[in-house]
Amino acid sequence: MSIGIGIIGAGIMGADHARIFANSVAGAHLVAISDADAARAKAVAQETGAKRALSDPFALINDPDVGAVLIASPDATHPEFAIACIKAGKPVLCEKPLAPTAAEGLRVIEAELAAGRRLVQLGYMRRFDPGYVEMKGLLDSGAYGEALAFHCVHRNASAPPHFDAAAAIVSSAGHEVDVSRFVLSAELSSVKVFRAKRSKLATFDDPMLVVFETDKGQLVDVELFINAQYGYDVKGELVCETGTISFGPTLNTQVRSAGVSTTQLAPDWRPRFAAAYRIQNQAWINAIVTGKPVGSSAWDGYVATTVTDAGVKSLKTGETVSIAYEKRPGFYG
Ligand code: ISE
């Protein structure tokens, strides 16, 4: 059996996902790509062999040949499209964030609960990145005692034009929110944002240090630097009772030549997390077949939005902001 995939959004992420399905995922085939820009949808459909290029996302969701939907449209449209997929009974892999506000995220959760089964997987792809997965495995082995602190670095070469400090917390630090909950098996209970000396090359407070406390008393600190100039760089170091666990910031190869040793840095997150995206998309298809959901749920998406909302509040007030959300309802585990 092969699952027919529809992709909403033919921008950078939608096109990349289409290529992943066309080249690297078993058990699925591309059926349709939709985009408000019909020419863009057509170009991606032609490149990846998808049968149909559409401009109406609801026609894609309700297409009988589409068995599962990937949402890679602008962030504000995610809840509406995710709810339409749930109502159509179709599994959905939704790019992060789940929703621009926690209240809109809750609407998706309510729709899923009404449907009676988990249909949404959130595209927090770092949960599938071999570095983070190995880190979690080593921590869970117990060989290094308990985790005490998690140092994270999240640097982009440069900010897109629409970016500001709040976007950096929501869009960029949202990944550390999700992946630190995953690695530590803990909830984040408070957040405080510190502004560093501002880079002259930035149009907003950049870099920042975002510090979380977990419900297990651990500290998670995230250096966010969106205009770091030199490349895309993500690091993580877990400090445990009897050792530390970290993964490399680089792509795989190291070159030694002419007296210099170099490792290549990715220009952005897509090559850096290429393996994570491939593994995530395959895991999504496998989960549809087995009926056993994997990855971040709609609930995890709601939590990430709640936590980053608190981060934005701390950015504005300079205070430590406590994070609270109701207990996991229904089948979110
Ligand atoms: C972007 O939206 C992403 O999701 C990337 O993974 C992240 O690293 C980047 O900072 C965000 O702007």
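Rules used throughout
- Residues numbered from 1 in each chain as written.
- Predicted model: local features only at pLDDT ≥ 70, side-chain atom pairs only at ≥ 80, totals over all residues.
- Heavy atoms only, no water.
- Pairing = 2+ DSSP bridges.
- Helix = DSSP H or I, 4+ residues; strand = E, 2+ residues; numbered from the N terminus.
- Axes fitted to C-alpha atoms, helices over the stretch in contact; angles between N-to-C directions.
- Contact = heavy atoms within 4.5 Å.
- pLDDT = per-residue confidence, 0-100.
- Core = buried A, V, L, I, M, F, W, Y, C linked by side-chain atoms within 4.5 Å.
- Buried < 20%, exposed > 50% of the residue type's maximum accessible area, 1.4 Å probe, protein only.
- Near = heavy atom within 4 Å.
- Polar contact = N/O pair within 3.5 Å; in protein donor to acceptor, adjacent residues only side chain to side chain.

(A) Main features of the sheet that holds strand 5 (residues 92–94). One open sheet holds the 6 strands; their spatial order is 3-2-1-4-5-6, and the pairing between them is parallel. Two strands in the sheet have a free side with no partner beyond their single neighbour: strand 3 (52–54) and strand 6 (120–122). On average, each strand axis in the sheet is inclined to that of its neighbour by 25°, with strand direction left out of account. Relative to strand 5, strand 4 (residues 68–71) runs parallel, the two sharing 3 bridges. Within strand 5, the position partnered with isoleucine 71 by the bridge is cysteine 94. Relative to strand 4, helix 4 (residues 78–87) is tilted by about 175°, and along the sheet it contacts strand 1 (3–8), strand 4, strand 5 and strand 6.

(B) Just the confidence of the model for the chain, in detail. On average, residues of the chain score 96 in pLDDT, and 98% of them reach the 70 mark or higher. Summarising per-element confidence for the chain, the mean pLDDT is lowest in strand 13 (residues 254–257) (89) and highest in strand 4 (99).

(C) Just the nonpolar core, in detail. If you look at the biggest cluster of nonpolar residues, it comprises 101 residues, and the most contacted ones within it are Ile5, Phe21, Ile33 and Leu238. Sort the elements by how many residues they give to this core and helix 7 (residues 165–184) lands first, with 10 residues. Setting aside anything within four residues of it in sequence, one finds phenylalanine 21 in contact with Ile5, Ile7, Ala28, Leu30, Leu70, Asn281, Trp284 and Ile285.

(D) Structural view of the pairing of strand 10 (residues 219–225). Counting buried residues along strand 10, 5 of its 7 residues qualify, which places the element largely inside the surrounding structure. Here 7 bridges tie strand 7 (residues 147–155) to strand 10, and the two strands are oriented parallel to one another. What sits directly across from alanine 149, in strand 10, is leucine 219. Bridging between strand 9 (residues 208–214) and strand 10 involves 6 bridges; their strand directions are antiparallel. Looking at strand 10, one finds that leucine 209 is bridged to glutamate 223. Between the antiparallel neighbours strand 9 and strand 10 lie 4 residues, among them glycine 217 with a positive phi of about 85°.

(E) Broad picture of the site of the ligand. Neighbouring residues of the ligand: Lys96, Met125, His154, Asn156, Phe163, Ser171, Ser172, His175, Tyr232 and Trp269. At 2.9 Å, a side-chain N or O of lysine 96 approaches an oxygen atom of the ligand. With respect to the ligand, the side chain of tyrosine 232 contributes an N or O atom lying 2.5 Å from an oxygen atom. Looking at the shell around the ligand element by element, the count peaks at 3 residues for helix 7.

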